[in-house]
Amino acid sequence: MAGSKPGAGASCWNGGPGGVPALVGRADELRSGAAALEGGGLVLAGPRGVGRTRLARELVAAAQRRGAAVDRLVASATTTAVPLAAFAGLPGPAAGSAADRPPQTVGEAVLRLAERAEIGRRLLVVDDAHLLDHDSALVIRHAAAQEIAAVLLTVCTEEPAPEPVRALWRDETLPRIDLAPLPRDGLAALLADALGAPVDGDTLDRMHRLCDGDLVTLRELVHDAVRDGTLERCGAAWSWRGTVTPDSRLGELVTARLAGLDPATRTVLELLAHGETLGARLLQDLVPDADLVALEGRRLIRVDAADRRREVRLRRPLDAELLRAATPRLRADQICRTLIDAVRAKGARRATDPLAIAGWQLTVGDGGADVDPAFWLAAAQRELTGADPLRAERLARAAVRAAPDSLAAGLLLGETLGRQGRTAEAAQVLARLDPLVGSDTERVRLARARATAACWGRGEPAAAVAVLLAAERQVASADHRQELQALRAAVEYGAGRAPEAVAAAEEVLAAPSGPASRIRMHRTAVAALAVTGRIQQALTEGERCLALVNAHGDLPPDLPDGPEAAADLALAVAAALRAASRLAEARRLARQTYLETSHRGLRVTVGAAAQLLGLIALDAGRVIEARGWLEEAVTLLDSSERTGCAGLAWSTLARTLALTPDPEHRRPMAAEAAAAQEAAEQAEHPARRAWVLQVELGRAWVAAAHGRTADARRLALDTADTATAQGLHTIALTAAHDALRLGADRAARTRLEAAAALAAGPLADACLAHAAARDSGDGHRLDAVSRLFAALGARLLAAETATEAADAHRRQGSPARATASGSAAAGHLVACQGALSPVIAERTVATGLTPREHEVVRLAAAGRSNREIAELLGSSVRTVESHLAHAYGKLGITRRDQLVDLCG
């Protein structure tokens, strides 16, 4: 899909949908900070750019909402030498008080604060308090110690602070909160808020690495990338393919920070920019006048211990990139030759030295004739898995020049070209490698590379299948054949052809050649079996394979991506459990996989797990929980995943938003749902269509949220028909039942009966019973179906069906039964976190709780006392008791402990 230039709304950091980007990843600090301010104040500490000012601003705004009066003092580098300069502009409370000059003495400043405190306790705010002059710092300390005012200070840990400021936390006068840099997922949420859509995984990795937690640097990086057009909206996400240049705003910031360095210091930084990591002794030999201790103190370099050595590197990766970009070519050649000579003079004893020398030779253009081709390959592989595909390409080409008959070098060059989107060049390189194949192992490697380039590079899954089938006919061993079959199954499944994926898996399902073959295939086959309606077989196969993995602990050595494969298998089994309506088990396994893969840093798998947890939560009707999981998923999933999970996550988020009330109005978040659905459709790709029909189903729910129920019914029925034609019977069942929920009774029942025959299970039985009960208009039968859905954990479906039962009872002249069914519906809705179902909205039985009653009931069910609830909601205990009494009547209960069961 073509990229789009940012509009005016994304032209700068502050141009996101909400103006200033949301405060993310600081919930704990925000709570602790607010509590500390109530107790007298706090100090927010952290390095440059970590977000001290942003958090302080949020804390001040919260304090002002609670009625606090705020005085802001100014600390800056230009006034540090002026005694009491921070208090200029702070008048006393009396009319005509002097405010245009600083107080003349510390006593006068204290008196000025005390006078202001007489008209109400105040909050004294000083940003960058490390820049306070000594006298101003004394006054602040006195104000905090004597509780004249609450005090909120921010200090930079990279700068010395005046002694009175340090004494505040040293003497425990004020608590100190140290802010750590935002983790990767926090950075993802921040960028998504600032830009209005997530960035892709590669972009996030680069920005996270370059900024190293500095949010000011991140802001400038985003500004420069948007301005020069290298940060573009491509489909559902923003993608950055540019470089950082010295003439950018960010480059100017770094240049200014490094200005004024003496020649020896500048040389150290240049050597580290090109050498990346160098020994401290080597540096001191090369630049004997350089003071490494001073550089470390200025936080320009980092020194690490490694096997009795001191390894030195630049502290900020961005400095290295900008220094390299700003270094003239001849000077860069001189630096690299200096490093080559120095390392060789010391014997190049470290294991990484030959690899480093190879990279430096590449820079100076010496050709590297005396370099072992294996080092070129290793260097290229390292860069390929890092963040510099262009450098990886140069190294791979050097490897090809050094060993033109190396299949490994040719494959690596093809991969580096593919990573850059240069798929035609990659195909040409791979096409020339046939004569180099000398074994089945090499044939498999080449076929995998060609299939990967064809399918996920050029978007031609059919061509990839043809490549793999041809290779399957040429290899002799079952191991190699089944490895190719597993990839073919993945290609077919990713392209949305699950029945063909099942067919590709037949040999492995019948007789796997070994554990690696079984795991490799089952990560795809289990999901394909489940979606085609063979749910019990999917569970049998998946649980057996998962038990094998768990029993042995160690993954087969011939499974290179073992951790990812095992995690994918677990998620496939969790998806099959979901299809079997075993939601609690599915949630448990998906959450376990989410936690394990989070610890291992498997970003895409974490995203897939979050997406599945969102689906499971939506099945259960827990819309707030679903939204949280899905918003995380869309920030983690990108083009590196191969089945279309990103599109499914966006579309499931659209369905969730279509059922979620707007915070300010009692209506669905229809506009937000439509935007998420658009992102889902933009994420489509010929090789990533495994979930395209669920994406289509999202359109039905977005239409329903906008009140277009006729369109919604038609879209759901069309999806059911398409799914049936493609053999995706589990999806057909869901789509047909959604059409039934939206009012397409007769047409939906016909499709339900067809799908249920091919996707048998508890959910199919409940859906069929629902269709029959609606057809009969019998309230008793609808009540029974509601209980069926509740037993499956599908509380929103249970609430909808109980609402239908109440409506039927009322039409049949049974008001008491209508009230009972309505109360049951309201009880189920309590567990649905405020979900707004169009099915319930169309019914006239007004038995649901008000938003405030929902809130009170949830807090009571969580074990809060009436007094605690009153304090949390800012109301009286009597009001809480009144809300509970009304809720009990609507829910048909009499005791507080019954709320626990209702709230799930």
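These numbers were taken from a predicted model, which means no experiment stands behind them. (Residues numbered from 1 in each chain as written. Predicted model: local features only at pLDDT ≥ 70, side-chain atom pairs only at ≥ 80, totals over all residues. Heavy atoms only, no water.)

**Some details on the overall build of the chain**
Broken down by element type, the chain carries 45 helices and 11 strands. Seen through its principal axes, the chain has C-alpha atoms that stretch 90 × 90 × 50 Å. Buried positions account for 52% of the 904 residues belonging to the chain. Nonlocal contacts in the chain, meaning residues at least 24 apart in sequence, comprise 66% of its contacts between residues at least 6 apart. On the chain, roughly 38800 Å² of surface is accessible, and the fraction owed to carbon and sulfur atoms is 51%. Side chains of the chain give 108 positive and 111 negative charges; the mean places of these two sets differ by 2 Å. (Helix = DSSP H or I, 4+ residues; strand = E, 2+ residues; numbered from the N terminus. Buried < 20%, exposed > 50% of the residue type's maximum accessible area, 1.4 Å probe, protein only. Contact = heavy atoms within 4.5 Å. Areas by Shrake-Rupley, 256 points an atom, 1.4 Å probe, with all protein chains shown as cover. Lys, Arg positive; Asp, Glu negative; His and termini not counted. Charge placed at Lys NZ, Arg CZ, Asp CG, Glu CD.)

**Details of the pattern of salt bridges**
Within this structure, the stated rule accounts for 56 salt bridges. The partner of Glu804 in a salt bridge is Arg774, with the nearest N and O atoms 2.6 Å apart. Highlighted residues: Glu804 in helix H39 (residues 795-811) and Arg774 in helix H37 (residues 762-776), separated in sequence by 30 residues. Each member of the pair Glu804 and Arg774 is classed as buried. Through salt bridges with shared partners, a single network forms among Arg141, Glu163, Arg166, Arg170 and Asp171. (Salt bridge = Lys/Arg side-chain N within 4 Å of Asp/Glu carboxyl O.)

**Things to note about the sheet that holds strand S6 (residues 176-178)**
One open sheet accounts for 5 strands, arranged S3-S4-S5-S2-S6; its pairing is parallel. Each edge of the sheet is formed by a strand with only one pairing partner; in this case those strands are strand S3 (69-73) and S6. When strand polarity is set aside, the average angle formed by the axes of neighbouring strands in this sheet is 20°. Across 3 bridges, strand S2 (residues 41-46) lies against S6 in parallel orientation. Each residue of the ladder has a partner; that of Ala45, found in S6, is Asp178. Here helix H1 (residues 27-38) sits on the sheet and contacts S2, strand S4 (122-126), strand S5 (150-156) and S6; the angle it forms with S2, its principal contact strand, is near 145°. (Pairing = 2+ DSSP bridges. Axes fitted to C-alpha atoms, helices over the stretch in contact; angles between N-to-C directions.)

**Quick word on helix H32 (residues 670-682)**
Between its first and last C-alpha, H32 extends 18 Å over 13 residues, near the 18 Å set by a 1.5 Å rise per residue. For H32, the full list of buried residues reads Ala670, Ala673, Ala676, Gln677, Ala679 and Ala680. Check the buried side of H32 and you find it contacts helix H31 (645-658) and helix H33 (692-705). (Expected span 1.5 Å × (residues − 1).)

**Brief notes about the confidence of the model for the chain**
With 90% of its residues at a pLDDT of at least 70, the chain reaches an overall mean of 85. Below a pLDDT of 50 lies the segment residues 14-19, which in the model reaches 14 contacts outside its immediate sequence neighbourhood of four places, other chains included. (pLDDT = per-residue confidence, 0-100.)

**Description of empty space enclosed by the protein**
One pass over the full model with this rule turns up 3 cavities of 30 Å³ or more. Together, Leu182, Leu187, His208, Cys211, Asp212, Gly213, Asp214, Leu215 and Leu218 line the largest cavity. Secondary structure elements with two or more residues in the lining of the largest cavity: helix H7 (201-211) and helix H8 (215-227). Each residue belonging to the lining of the largest cavity can be placed in one class, and the counts come to 5 nonpolar, 2 polar and 2 charged. (1 Å grid on protein atoms, 1.4 Å probe; cavity = no way out; pocket = protein on both sides within 12 Å on 5 of 7 lines; lining within 4 Å. Points joined across faces, edges and corners; volume = space filled by probe spheres on them. Nonpolar A, V, L, I, M, F, W, Y, C, P; charged D, E, K, R; others polar.)

**Some words on unusual backbone geometry**
Of note in the backbone geometry, Glu147 takes a positive phi value of approximately 55° without being a glycine. Here Glu147 lies in the loop between helix H4 (134-145) and S5. Assessed through its relative accessible area of 58%, Glu147 is described here as exposed. Here the phi dihedral of Ser581 falls at roughly 65°; this positive angle occurs in a residue that is not glycine. In this fold, Ser581 is placed in the loop between helix H27 (562-579) and helix H28 (583-600). Relative accessible area serves as the criterion here: at 11%, Ser581 is assigned to the buried category.

**Details of the packing of helix H30 (residues 623-636) against H31**
Their axes nearest at 9 Å, the elements H30 and H31 cross at an angle of 155°. Classed by the angle they form, the pair H30 and H31 counts as roughly antiparallel. Viewed along their axes, H30 and H31 form a crossing whose handedness is left-handed. Contacts between H30 and H31 pair Val623, Ala626, Arg627, Leu630, Glu631, Ala633 and Val634 from the former with Ala649, Trp650, Thr652, Leu653, Thr656 and Leu657 from the latter. (Parallel < 35°, antiparallel > 145°, perpendicular 65-115°, else oblique. Left-handed = near helix turned anticlockwise from the far one by under 90°.)

**Looking at helix H36 (residues 745-758)**
Given a rise of 1.5 Å per residue, 14 residues ought to cover 20 Å, and the 20 Å separating the end C-alpha atoms of H36 matches this to within 8%. Within the sequence span of H36, burial applies to Ala748, Leu752, Ala755 and Ala756. Taken down its axis, H36 places every buried residue within 100° of arc, on the same side. Projecting away from the buried face of H36 at angles above 90 degrees are the exposed residues Arg746, Thr750 and Ala757. (Arc of directions from axis to C-beta.)

**Quick word on the pairing of S4**
Here S4 lies mainly inside the structure; 5 of its 5 residues are buried. Judged from the 5 bridges that link them, S3 and S4 form a sheet pairing that is parallel. Residue Asp71 lies in a different strand from S4, and its bridge partner there is Leu124. With 4 bridges connecting them, S4 and S5 associate as parallel partners. Bridging across to S5, Leu123 finds its partner in Ala150.

**Digging into the environment of Ser598**
Considering the arrangement of structural elements, one finds Ser598 in helix H28. On the accessibility criterion, Ser598 (32% relative accessible area) is partly exposed. In this structure, the C-alpha to C-alpha distance between Ser598 and Phe789, residues 191 residues apart in sequence, is 33 Å. Here Tyr594 takes part through its backbone oxygen, which lies 2.7 Å from a polar atom of the side chain of Ser598. (Polar contact = N/O pair within 3.5 Å; in protein donor to acceptor, adjacent residues only side chain to side chain.)

**Comments concerning the packing of aromatic side chains**
Overall, the coordinates contain 2 aromatic pairs when judged by the stated rule. Ring centres 6.2 Å apart and planes at 90° place the aromatic pair Tyr493 and Trp691 in the edge-to-face group. Remark: Trp691 occurs in the loop between H32 and H33 and Tyr493 occurs in helix H22 (residues 478-494); sequence separation between them is 198 residues. Across the pair, Trp691 and Tyr493 agree in class, each one buried. Centroid distance Tyr594 to Trp629: 4.9 Å. Interplanar angle 85°. Geometry classified as edge-to-face. With Tyr594 in helix H28 and Trp629 in helix H30, the pair connects residues that are 35 residues apart, well separated along the chain. The ring centre of Trp169 lies 4.6 Å from the NZ or CZ of Arg176, which sits over that ring. Lying over the aromatic face of Trp240, Arg206 brings its terminal NZ or CZ to 3.9 Å of the ring centre. (Phe/Tyr/Trp six-rings, centres within 6.5 Å; stacked < 30°, edge-to-face > 60°. Lys NZ or Arg CZ within 6 Å of the ring centre and 35° of its normal.)

**Some details on the side chain of Glu270**
With respect to the helices, strands and loops of the structure, Glu270 is situated in helix H10 (residues 263-275). Relative accessible area serves as the criterion here: at 10%, Glu270 is assigned to the buried category. If near-sequence neighbours (up to four positions away) are discounted, Glu270 is found in contact with Arg331 and Ile335.

**Structural notes on the environment of Val573**
Tracing the chain through its elements places Val573 in helix H27. C-alpha separation for the pair Val573 and Ala590, spaced 17 residues apart in sequence, amounts to 8.8 Å. The contacts of Val573, once residues within four sequence positions are left out, are Val526, Leu539, Gly542, Glu543, Leu546 and Leu589.

**Some remarks on the pairing of S5**
Within S5, 7 of the 7 residues are buried, which leaves it mostly tucked inside the rest of the structure. Burial of the side chains of S5 extends over both faces: Ala150, Leu152, Thr154 and Cys156 are buried on one face and Val151, Leu153 and Val155 on the other. Judged from the 6 bridges that link them, S2 and S5 form a sheet pairing that is parallel. Note on S5: the bridge partner recorded for Leu44 is Thr154.

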